[in-house]
Amino acid sequence: MAKKCDNHRRQHRSVNITLWGLLLLALCVMFWHVWVYGPLHGQKELLAQKAFPLVMVDEITHLLLGSHGLAGEIGDVWVYFMIGILITGYIRTFKLHIRLRKTLARHGFMSIFIASIIGVFSPLCSCGILATVIGLLSAGLPLAPAMALLISSPLMSPTAFLLTIGDLGAEWAAIRTVAAFMMGVLAGSVTHLLSRYGFKTEKLFLDSSVVEGDFHDHDNVDERLRCTCREKYSNRLARRVKSKFIIFWAKTLEMTWMIGKYVLVGIAVGAVAEEYIPPTWLNELFGHQSRYGIIWVTLGSIPVFLHQISASSILFHIKEVLPGTLDKGSALAFLIGGPVTAIPAMTLLWAMFKKRVFVLYMGISILGTILLAYSFNAFIFVPHTDVSNPVLSGVGTIYGGASSVMEKSNQYVHIAADPKGKPIIATYHDLEGGSGIVFDASLERFSSKSIDVEDNAIYIKNIANWLEENSFTGAAKSILVYNSYAKQGYKTEEFREYLQKILNDTEYKVSITDRAETPLFTAKLLKKYNQLWLFSGEAKSSSFSKDEIESMLDFRDNGGGLLIVSGPKTDKSDFTSDANQLANNFGINYSGTLDTPEIIHISITGKFFNVLSNKFKGYYNVIRKVRE
């Protein structure tokens, strides 16, 4: 049996202490949560019925085997981790790290930009890219491009881009890609600048830590890494066989455990953070336009093992339960800060590199995330809008004017726009497979008054298209527009010409009627349509009978889509009563009045990203089918 060298012995000891310390910290967080709040899926009173150690055994079992625990997280990330390990094994077998180091070194400062682009398009998360970067650094690659690659790669990949389009929309996918590239350039530029002012970029690894695997090649440029000990099996095998295929698998299997133990501990600690941090804290961070929310999210995401693939999905679920729209700055901080400060990456950096490298990495990750999030908030993001909502896809501006205000009381209601913190547009789509519903608090947005706002027409088409996608009746592309009160307030003529012009151009068959022309609303009236657009007219009291409301609810239960539009409620007029008769069944109540600007800004880049979304929609559908 090969004799272990002193360097390897010291390395194993320091790494194990670090890993066990992290596991102990995670266990303490679990103890605290169960002691203060009770079991994860029970009440605190259950502690009186069962001994605390037995309760903790149940919690640990759930952590290991639950869908959000160790087993579930491994199922989410193992493919991407193994891709990184396989690529690293290939690089090490054919010594491509030496060629890549020479290539990047030839380009000088421009290698930072090249490395950032490579990072954005690489399929590697923080775990996989670390193995690659360690090999590149040990082969002599300058720290600046290596740092650019190390920070940009965990933030984006082609698969993550497509999945982000599905979860959060094309605008978020593009913004996330740009942010990943900018983070890489920032990391490389800062490192390059610091190296010119005394920051040491040589001898980066701890003296007590020999790099894992066979990083200590015989021809390595780092003399310390030319360790000739034969402890590593792949080294001994390489001396006996000539087959590159066999050597490749030996190195790959060796790397799987050497890096995998960091990943396992990171997943365990991350699962504890996700399951045992009170959800109300997340609500405070993501649901309010807080001046310091970005900072708290950035710092709070550090202990969470957040993979780039799961980040957009988690953010999607967070925004769905919020009473208003998502704070975009905090959301971007979550998408950047979480993946780039993953526990496995930090653990490996701390255990194997000089502390100045760890401090540099963490400083760039944290400060860069905060800087980018605040910059995007100031120059890119429009507050109080959810650009991932399908009815706002590609919309830059919509018509404002007088509006009522929505009150949400159902988790399936998703706010799309809430200027001044007052919801005026929302959608409804439950998990039981029902058809879609759109709520709008302005009649003027659908009248001829809005004809000069070009994107307002896009918004109305989006409503028709989204309801069409989420309806399952026998009819197709057929809309009944019903004005519930025609003698006062908004006349049918106010929006007849405008709606017909917009929707008829999109191959929709539209019929418009009102209470005067059709005084009784029946199920028979809806037989030829798969969408009902209800405009609530002015009325002192609700005008629909119970049977009429039941026919509308049955229409929706049978797969028909609904648009419910209301105007404001003032001392002199009330456009909300008819709308509330139907909307209250789905957790929306219209009340009061809100004066919004004539033009409401939704997104400054909506049109561009809508084109981008359409280009990638087919690719995303393929990925989604594979996942399902």
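Refer to the structure presented above.
Residues numbered from 1 in each chain as written. Predicted model: local features only at pLDDT ≥ 70, side-chain atom pairs only at ≥ 80, totals over all residues. Heavy atoms only, no water.

This part takes up the packing of aromatic side chains. Tallied over the full model, the rule gives twelve aromatic pairs. Measuring from centroid to centroid gives 6.2 Å for Phe446 and Tyr459, while their planes differ by 50°, and the two rings are tilted. With Phe446 in the loop between β4 (437-440) and α18 (454-469) and Tyr459 in helix α18, this pair connects stretches of sequence that are 13 residues apart. Judged by its relative accessible area of 0%, Tyr459 is buried. Where Tyr482 meets Phe521, the ring centres are 5.0 Å apart and the plane angle is 90°; that geometry is what we call edge-to-face. Here Phe521 lies in the loop between β6 (509-514) and β7 (531-535) and Tyr482 lies in strand β5 (residues 478-483), a separation of 39 residues in the sequence. In this structure, Tyr482 and Phe521 share a single accessibility class: buried. Site record: aromatic cluster; members linked through ring pairs are Trp172, Phe376 and Phe381. Residue placement shows Lys477 over the ring face of Tyr508; its charged tip is 5.4 Å from the ring centre. (Phe/Tyr/Trp six-rings, centres within 6.5 Å; stacked < 30°, edge-to-face > 60°. Helix = DSSP H or I, 4+ residues; strand = E, 2+ residues; numbered from the N terminus. Buried < 20%, exposed > 50% of the residue type's maximum accessible area, 1.4 Å probe, protein only. Lys NZ or Arg CZ within 6 Å of the ring centre and 35° of its normal.)

Let's shift gears to a negative patch on the surface. There is a patch of like negative charges on the surface, built from Asp547, Glu550, Asp554 and Asp557. Within the fold, Asp557 resides in helix α20 (residues 546-557). (Patch = residues over 30% accessible without salt bridge, like charges linked within 9 Å, V, L, I, M, F, W, Y side chains within 5 Å. Areas by Shrake-Rupley, 256 points an atom, 1.4 Å probe, with all protein chains shown as cover. Salt bridge = Lys/Arg side-chain N within 4 Å of Asp/Glu carboxyl O. Lys, Arg positive; Asp, Glu negative; His and termini not counted. Charge placed at Lys NZ, Arg CZ, Asp CG, Glu CD.)

So, on to the packing of helix α5 (residues 110-121) against helix α7 (residues 143-152). Helix-helix packing is characterised by the crossing angle of the two axes and by the distance between the axes. Between α5 and α7, the shortest axis-to-axis distance is 8 Å and the interhelical angle comes to 25°. One element, α5, and the other, α7, form an angle in the roughly parallel class. The element α5 and its partner α7 pack so that their crossing is right-handed. Contact residues: α5 offers Ser111, Ile112, Ala115, Ser116, Ile118, Gly119 and Val120, while α7 offers Ala144, Pro145, Ala148, Leu149 and Ser152. Looking at the contact of α5 with α7, its residues break down into eight nonpolar, four polar and no charged. (Axes fitted to C-alpha atoms, helices over the stretch in contact; angles between N-to-C directions. Parallel < 35°, antiparallel > 145°, perpendicular 65-115°, else oblique. Left-handed = near helix turned anticlockwise from the far one by under 90°. Contact = heavy atoms within 4.5 Å. Nonpolar A, V, L, I, M, F, W, Y, C, P; charged D, E, K, R; others polar.)

Now for the sheet that holds β5. The seven strands lie next to each other as β2-β3-β4-β8-β7-β5-β6, forming an open sheet whose pairing is mixed. Two strands in the sheet have a free side with no partner beyond their single neighbour: β2 (413-417) and β6. Strand-to-strand twist across the sheet, computed as the mean angle between neighbouring axes with direction ignored, equals 15°. Pairing of β7 with strand β8 (residues 561-565) involves five bridges; the strand directions are parallel. Bridge pairing links Trp533 to Leu563 in β8. Across the sheet, α20 lies against β3 (425-428), β4, β7 and β8, angled at about 145° from β7, the strand it touches most. (Pairing = 2+ DSSP bridges.)

Turning our eyes to something else, we now look at the pairing of β8. With five of five residues buried, β8 is to be regarded as a mostly interior element. Going residue by residue along β8, you find Gly561, Leu563 and Val565 tucked away on one face and Leu562 and Ile564 tucked away on the opposite face as well. Pairing of β4 with β8, which is carried by four bridges, proceeds in the parallel orientation. By the bridge assignment, Val438 is partnered in β8 with Leu563. Regarding the hand of the β-α-β motif, the stretch spanning β7, α20 and β8 is right-handed. (Right-handed = clockwise from strand over helix to strand, strands pointing away.)

A rise of 1.5 Å per residue sets the reference length of helix α15 (residues 328-340), with its 13 residues, at 18 Å; its end C-alpha atoms lie 18 Å apart and thus fit the reference within 8%. Of all 13 residues that make up α15, 13 are buried, and the element is covered over most of its length. (Expected span 1.5 Å × (residues − 1).)

With that out of the way, let us pick up unusual backbone geometry. A positive phi is found at His384, a non-glycine position, where the angle reads about 65°. The residue His384 is located in the loop between α17 (355-379) and β1 (397-408) in this model. In this structure, Lys420 is a non-glycine residue whose phi angle is positive, near 60°. Within the fold, Lys420 resides in the loop between β2 and β3. Of the residues examined, Lys420 reaches a relative accessible area of 58% and is grouped as exposed.

Turning our eyes to something else, we now look at the side chain of Ser152. Residue position: Ser152 is located in helix α7. Residue class for Ser152 comes out buried when judged on its relative accessible area of 0%. In terms of polar contacts, Ser152 uses its side chain to reach the backbone carbonyl oxygen of Ala148, at 2.8 Å. When residues no more than four places from it in sequence are discounted, the contact partners of Ser152 are Ala115, Ser116, Gly119, Val120, Ala180 and Gly184. (Polar contact = N/O pair within 3.5 Å; in protein donor to acceptor, adjacent residues only side chain to side chain.)

So, about helix α2 (residues 52-65). Spanning 14 residues, α2 covers 20 Å between terminal C-alpha atoms, matching the ideal 20 Å at 1.5 Å per step. All buried positions along α2 are accounted for by Val55, Met56, Glu59 and Leu63. Projected onto a plane normal to the axis of α2, the buried residues spread over an arc of 100° and lie on a single side. Residues of α2 that are exposed and angled more than 90 degrees away from the buried face: Pro53 and Leu65. (Arc of directions from axis to C-beta.)

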